[in-house]
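Take a look at the letters that make up each chain.
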Amino acid sequence: MRPRLPFPPPPSALLPSFRGPLHDRRTTTAIGRLLGVAMLVCMVTGVLSHYLQDPPGWLANELPARPLWGYRLTQGLHVGVGIAAIPLLFGKLWSVYPKLFVWPAFTGVRHALERLSVAVLVAGAVFEVLTGLLNTVQWYPWPFSFVPVHFAVSWLLTGALLLHLAVKWPDIKAYWWRRSAATRALPGEAENALDRRSLFTGLAVAVGAVTVTTVGQSLTPLKSLDLLAPRHPDHGPLGLPVNRTAAAAGTTRVDMAAWRLTVAGPRPYELTLDELNALPQYEVELPIACVEGWSKNARWTGVRIKDLTERAGAPGAALRVVSLERHGAYRVMDMGRTYARDPLTLLALRLNGRVLTPDHGYPARIIAPNRPGVLQTKWVSRLEVR
Ligand SMILES: Nc1nc2c(c(=O)[nH]1)N[C@H]1C(S)=C(S)[C@@H](COP(=O)(O)O)O[C@H]1N2
Ligand SMILES: [Mo]
């Protein structure tokens, strides 16, 4: 005799059941450790970028101007690893999504808190990769400003992740080493090895595909494969991309014939462009490394910032740099002493052997080693010794 089904049915009967082989802890752990490494790289490089861009007062004069390519590397990693994390995040969410349907939804306070922390973790991770990705294409379909919110949520995410690692520690320990003899497979898990291998092959292909088609935006030897990144290293006047054009910054309406560089300090002075060109010129090879992920080396020629501050009676002093641009977040830039006294930091007048184009900051722009692109101020009109 068949047992009579209870009526009404328990909610669990209405929920889907999952017998698919890969929604298991071993798969989840294996994807999770890769995603964890990616998140660690993004967090470390992101915090670095944050403090290089906007250092607290006590740090502003200590930031290192070396290595020259430091920011180029860390920000390239931040964006590259962030993009690679997207397929991993999908894979990980896919492996655990049956847990959305467990019943009862909460077995107690502890279980409820644990689920809440996972909700914060998932929301935070999705938010970070989504906002980060849209930022690389300069699309901001939200009412808040990207940088502070992306930064704040990264801490929320870090907290939720640490809590998650603590809660899941027993599973992580048991499943970390795939071939560990100590890990006895649960019934059904041994047969999953093949499926798991194809899942990982698929994930590896997805990660490889998104990486190879975007890293060329900063790893320039791969630039010919850069099909999906918003920037191509070669597209732009004088062979260098442009983020904010002169038209967008409103500097095309300025009468450049009347342009003067004003230097404020103990001995203030003004220079015309001809006078600047008559000062000793230096040539440096330095990258522009945009926070949005593209970067490229270029040859810059111009006057050393430390020569200009020396002439103002404050050699190597920290500076405030003001652009001709009327509005815009990057109109005013502060430069700490390590950069201001560096022999490679220039008020550049030329790029790759040619006079700067309007989009690259004509008549004069800043170029300094190991700094975010946003601080390489274009259309400079004023230097203030601090
Ligand atoms: N005055 C001013 N300078 C600026 C910007 C700006 O918006 N205004 N954008 C910055 C950003 S975000 C980058 S990445 C670099 C780009 O330099 P490029 O256009 O010469 O390649 O310029 C920086 N200098
Ligand atoms: Mo940038």
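Conventions used here
Residues numbered from 1 in each chain as written. Chains lettered and ligands numbered in written order. Predicted model: local features only at pLDDT ≥ 70, side-chain atom pairs only at ≥ 80, totals over all residues. Heavy atoms only, no water. Near = heavy atom within 4 Å. Polar contact = N/O pair within 3.5 Å; in protein donor to acceptor, adjacent residues only side chain to side chain. Areas by Shrake-Rupley, 256 points an atom, 1.4 Å probe, with all protein chains shown as cover. UniProt positions renumbered as here; feature names shortened; annotations may be inferred. Helix = DSSP H or I, 4+ residues; strand = E, 2+ residues; numbered from the N terminus. Pairing = 2+ DSSP bridges. Axes fitted to C-alpha atoms, helices over the stretch in contact; angles between N-to-C directions. Patch = residues over 30% accessible without salt bridge, like charges linked within 9 Å, V, L, I, M, F, W, Y side chains within 5 Å. Salt bridge = Lys/Arg side-chain N within 4 Å of Asp/Glu carboxyl O. Core = buried A, V, L, I, M, F, W, Y, C linked by side-chain atoms within 4.5 Å. Buried < 20%, exposed > 50% of the residue type's maximum accessible area, 1.4 Å probe, protein only. Parallel < 35°, antiparallel > 145°, perpendicular 65-115°, else oblique. Left-handed = near helix turned anticlockwise from the far one by under 90°. Nonpolar A, V, L, I, M, F, W, Y, C, P; charged D, E, K, R; others polar. Disulfide = S-S within 2.5 Å. Contact = heavy atoms within 4.5 Å.

Per an unreviewed UniProt entry, the chain carries the name Molybdopterin-dependent oxidoreductase and comes from Streptomyces crystallinus.

**Student:** Can you lay out the site of ligand 1 for me, pointing to particular residues and giving the numbers?
**Tutor:** The local shell around ligand 1 holds 20 residues, among which Pro241, Arg244, Glu325, Arg365 and Lys378 are the closest. Histidine 360 is positioned such that a nitrogen or oxygen atom in its side chain is 2.8 Å from an oxygen atom of ligand 1. Between ligand 1 and lysine 378 there is a distance of 2.5 Å, counted from an oxygen atom to a side-chain nitrogen or oxygen. When the free accessible area of ligand 1 is taken as 530 Å², the share hidden by the protein chains comes to 98%.

**Student:** Would you mind going over the UniProt feature "domain: Oxidoreductase molybdopterin-binding" (unreviewed entry) in the chain in detail, with residue names and values included?
**Tutor:** This chain's UniProt record puts "domain: Oxidoreductase molybdopterin-binding" (unreviewed entry) on residues 252-385. In this annotation, residues 252-385 is assigned 13% helix and 38% strand; the end-to-end C-alpha distance for the span is 27 Å.

**Student:** I'd like a rundown of the sheet that holds strand E1 (residues 261-264), residues and numbers included.
**Tutor:** Read from one edge to the other, the open sheet built from five strands follows the order E2-E1-E10-E5-E6, with strand pairing classed as mixed. The strands lining the two open edges of the sheet, one partner per strand, are strand E2 (269-271) and strand E6 (332-335). Here the strands of the sheet are splayed against their neighbours by 20° on average, with no regard to which way each runs. Examined bridge by bridge, strand E5 (residues 319-323) and strand E10 (residues 380-385) share five bridges and lie antiparallel to one another. Counterpart to leucine 319 in the pairing with E10 is valine 385.

**Student:** I'd like to hear about the pairing of E10, residue by residue, with values.
**Tutor:** Inspection of the sheet shows E1 paired to E10 by three bridges, in the parallel sense. From the neighbouring strand, valine 263 faces E10, where its bridge partner is leucine 383.

**Student:** Can you tell me about a nonpolar patch on the surface, naming the residues and giving the values?
**Tutor:** On the surface, Val109, Leu113, Leu116, Val120 and Leu156 cluster together into a nonpolar patch covering about 490 Å² of accessible area. At four residues, the largest contribution of residues to the nonpolar patch is made by helix H5 (residues 109-136). Residue position: leucine 113 is located in helix H5.

**Student:** Can you lay out the nonpolar core for me, pointing to particular residues and giving the numbers?
**Tutor:** Leu261, Leu276, Leu308, Leu347 and Leu383 are the most contacted members of the largest nonpolar core, which has 36 residues in total. For this core, the secondary structure elements donating two or more residues are E1, E2, helix H11 (305-311), E5, E6, helix H12 (337-340), strand E7 (346-351) and E10. Among the elements that make up this core, the one with the highest residue count is E10 (three residues). Formed by 15 residues, the second largest nonpolar core is a distinct cluster that contains Cys42, Ala85, Leu157 and Ala160.

**Student:** Give me the packing of helix H2 (residues 25-53) against helix H4 (residues 70-96): which residues, what numbers.
**Tutor:** The N-to-C vectors of H2 and H4 enclose an angle of 150°; their axes lie 8 Å apart at closest approach. Here H4 runs roughly antiparallel to H2, going by the angle between their axes. Every pair of crossing elements has a handedness; the one defined by H2 and H4 is left-handed. Its residues placed into classes, the contact of H2 with H4 shows 15 nonpolar, 13 polar and one charged.

**Student:** Account for the UniProt feature "transmembrane region" (unreviewed entry) in the chain, naming residues and giving values.
**Tutor:** Per the UniProt entry, the sites bearing "transmembrane region" (unreviewed entry) are residues 34-53, 73-95, 116-134 and 146-167 in this numbering. Taken end to end, residues 73-95 comprises 100% helix and 0% strand; its first and last C-alpha atoms sit 32 Å apart. With 100% helix and 0% strand, residues 146-167 has its two end C-alpha atoms placed 31 Å apart.

**Student:** Tell me about the state of the cysteines, residues and numbers included.
**Tutor:** The final tally for this structure, using the stated rule, is zero disulfides. Its sulfur unpaired, cysteine 42 is 16 Å from the next cysteine sulfur, which belongs to cysteine 290. Accessibility expressed as a relative area gives 5% for cysteine 290, which makes it buried.

**Student:** Report on the environment of valine 263, specifying residues and quantitative values.
**Tutor:** With respect to the helices and strands, the residue valine 263 is situated in strand E1. Between the C-alpha atom of valine 263 and that of valine 321, which follows or precedes it by 58 residues, the distance is 9.5 Å. If we skip the residues at most four places from it in the chain, valine 263 touches Pro268, Tyr269, Leu308, Ala312 and Leu383.

**Student:** If you had to explain the pattern of salt bridges to someone new, which residues and values would you point to?
**Tutor:** Following the criterion strictly, the structure yields eleven salt bridges and no others. Between arginine 196 and aspartate 24 there is a salt bridge whose closest N-O contact spans 3.1 Å. Taken together, the residues arginine 196 in helix H8 (residues 193-212) and aspartate 24 in the loop between helix H1 (11-14) and H2 connect sequence positions 172 residues apart. Here the two residues arginine 196 and aspartate 24 agree in accessibility, since each one is buried. A salt bridge links arginine 66 to aspartate 342; the nearest nitrogen and oxygen atoms lie 2.8 Å apart. With arginine 66 in the loop between helix H3 (57-60) and H4 and aspartate 342 in the loop between H12 and E7, the pair connects residues that are 276 residues apart, well separated along the chain. Overall, the relative accessible area of 8% leaves aspartate 342 in the buried class. Taken together, the shared-partner salt bridges connect Lys223, Asp234 and Lys296 into one network.

**Student:** With reference to specific residues and values, describe the packing of H4 against H8.
**Tutor:** Where H4 contacts H8, the axes come no closer than 7 Å and their chain directions differ by 155°. Between H4 and H8, the angle falls in the class roughly antiparallel. Viewed along their axes, H4 and H8 form a crossing whose handedness is right-handed. Contacts from Ile83, Ala84, Pro87, Leu88, Gly91 and Trp94 in H4 reach Leu199, Leu203, Ala206, Val207, Val210 and Thr211 in H8.

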